[in-house]
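Remarks on the overall topology
Listed here are the chains, written in short residue letters.
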Amino acid sequence: MVASSWPSLDELDAVRNKVADMSGADVRDVRVVVSPYRICPLGAHIDHQGGTVTAMTINMGILLGFVPSLDAQVILRSGQLHGEVKFRVDEVQHPKKIPEEPDWACYPRGALYALQSKGHHLTKGITGFICGSEEHSSGLSSSAAVGIAYLLALETANCKIIGPEDNIELDRLIENEYLHLKNGILDQSAILLSKYGYLTWMDCKTRKYDIANFSELQKCQQSEGQETYKILLAFSGLKEPLMRNSGYNTRVSECREAAETLLDASGNGSLEPLLCNVDPDSFEAHKSILKPNLAKRALHYFSENKRVKEGLKAWASGNLDDFGKLISASGLSSIENYECGCKEMIDLYEILLKAPGVFGARFSGAGFRGCCLALVDADLTDKAAAFVKQEYQKVQPELASKLPQDRLVLICEPGDSAHVI
Ligand code: GLA
């Protein structure tokens, strides 16, 4: 099977040279963490409620070059963000105070916080250089990719061997405890568990996961380097980080409130108020007592779980038409039931649905900003891209003009899991 096309040797060399310049180390001693961005075709907004999600990584993301320091000092520079971050790994880290303005130091410090919280004693810092694609990160889970990059670098520098399941939990601590975002474990699970060319699925309640088999026909085409589909990303031009948007945490609270009401009504009030603890029949029996907005959130949860199940079957039989229809239905449920997103993202979603060769489309990530994703027939990607660019420029000329013309739409391929080279 062919491997992910990212990162190229030139990209790796550029990062290695930066770190060698910063540290005086031999370029051959520089290690690089490759931490890809992710998409979630089905299973949106249900990870924080213990639902089942699907995901895959793409062939772009974060590179973090580093060498271990001789002592506890961490020194970091970024290809996109200004300034130098400096701290020591023997400084005890505490969660950020809200509403402190987040800066880029919060991810390496958050990674140290997570490792310290789990009792890992670090003695060596790192000198590192991190880079990613700033205008393309939003909606693709760049924050989890960054958090994982720092975790893997600090662990490698300190000779700690920590498996993907434990790193999923460590990244959860960065986001939920250090940064106070109430998100689920979809992003980091996708980044740590994905395998090139497969669809990863995870039950976020039990944390059981697997990679979903592709149909024999598609496996065969893939091994010959022919893709039947590509991933099209269409960027809105809106870039606000998720943790600055209170909408995400509000929706999580609403889901919990719905779960609490349904559990009480069905005599299960002692269970944790998560929608995964509510039996689908209890939802049907008691949904009329929910406030209208909470009934919609719960409807999104139960219908999305169902779409994931059906989607895994469609994927396994290589039926991209059905898989795509489910993606678009998931997108619609995010708009109508989960009521996230915004006008600009909805415009993009609707344009994608009309584009040639699109099997299905939805918001990528939480949908409050960033990009929409579509699965597209590999032979029609150029036509689809041209259509989306032209139509988005018509409806959102100002936002579209904020992005370079050749960056409004990207055609990507599946990627691999995060690793250290
Ligand atoms: C963001 C969150 C994830 C998940 C998605 C929506 O990416 O970080 O935990 O909830 O939104 O599916």
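Residues numbered from 1 in each chain as written. Predicted model: local features only at pLDDT ≥ 70, side-chain atom pairs only at ≥ 80, totals over all residues. Heavy atoms only, no water.

**Here's the deal with the pairing of strand β9 (residues 358-363)**
- For β9, a buried count of six out of six residues is recorded, marking the element as mostly surrounded by other parts of the structure.
- By the bridge criterion, five bridges tie β9 to strand β10 (residues 371-377) in an arrangement that is antiparallel. For Gly360, the partnering residue across the bridge sits in β10 and is Leu375. (Buried < 20%, exposed > 50% of the residue type's maximum accessible area, 1.4 Å probe, protein only. Helix = DSSP H or I, 4+ residues; strand = E, 2+ residues; numbered from the N terminus. Pairing = 2+ DSSP bridges.)

**So, the site of the ligand**
- Neighbouring the ligand are twelve residues; Arg38, His45, Asp47, Asp187 and Tyr248 lie closest to it.
- Interatomic distance of 2.5 Å between a side-chain N/O atom of Asp47 and an oxygen atom of the ligand.
- For the ligand, an oxygen atom lies 2.5 Å from a polar atom in the side chain of Asp187.
- Here the ligand, which alone exposes 310 Å², has 96% of that area covered by the protein.
- Grouping the amino acids of the shell around the ligand by side-chain chemistry returns five nonpolar, four polar and three charged.
- Structurally, the shell around the ligand is a two-domain feature, drawing no fewer than three residues from each of domain 1 (9-214) and domain 2 (227-412). (Near = heavy atom within 4 Å. Polar contact = N/O pair within 3.5 Å; in protein donor to acceptor, adjacent residues only side chain to side chain. Areas by Shrake-Rupley, 256 points an atom, 1.4 Å probe, with all protein chains shown as cover. Nonpolar A, V, L, I, M, F, W, Y, C, P; charged D, E, K, R; others polar. Domains from an automatic or database assignment.)

**As for the sheet that holds β9**
- Read across the open sheet, the four strands follow the order β9-β10-β8-β11; overall the sheet is antiparallel. Of all the strands in the sheet, just β9 and β11 (409-412) have a single pairing partner and so form its edges. Recorded for the sheet is a direction-independent mean angle of 20° between the axes of neighbouring strands. (Axes fitted to C-alpha atoms, helices over the stretch in contact; angles between N-to-C directions.)

**What about unusual backbone geometry?**
- A positive phi angle, near 60°, is found at His45, a position not held by glycine.
- Backbone geometry places Glu339, a non-glycine residue, at a positive phi of 50°.
- Relative to the helices and strands, Glu339 is located in the loop between α10 (320-336) and α11 (343-354).

**A look at the domain arrangement of the protein**
- With domains assigned, the protein is organised as domain 1 (9-214) and domain 2 (227-412).
- Counting residues at the interface gives 44 residues for domain 1, matched by 52 residues for domain 2.
- For the pair domain 1 and domain 2, the summed buried surface comes to about 4,000 Å²; carbon and sulfur atoms form 66% of the total.
- Joining domain 1 to domain 2, the criterion identifies zero salt bridges.
- Joining domain 1 to domain 2, the criterion identifies twelve residue pairs in polar contact (both at pLDDT 80 or more).
- At the level of elements, β1 (31-39), β2 (52-68), α2 (106-117) and β6 (199-203) are the ones that each hand at least two residues to the side of domain 1 that touches domain 2. (Contact = heavy atoms within 4.5 Å. Buried area = accessible area lost by both parts, 1.4 Å probe. Salt bridge = Lys/Arg side-chain N within 4 Å of Asp/Glu carboxyl O.)

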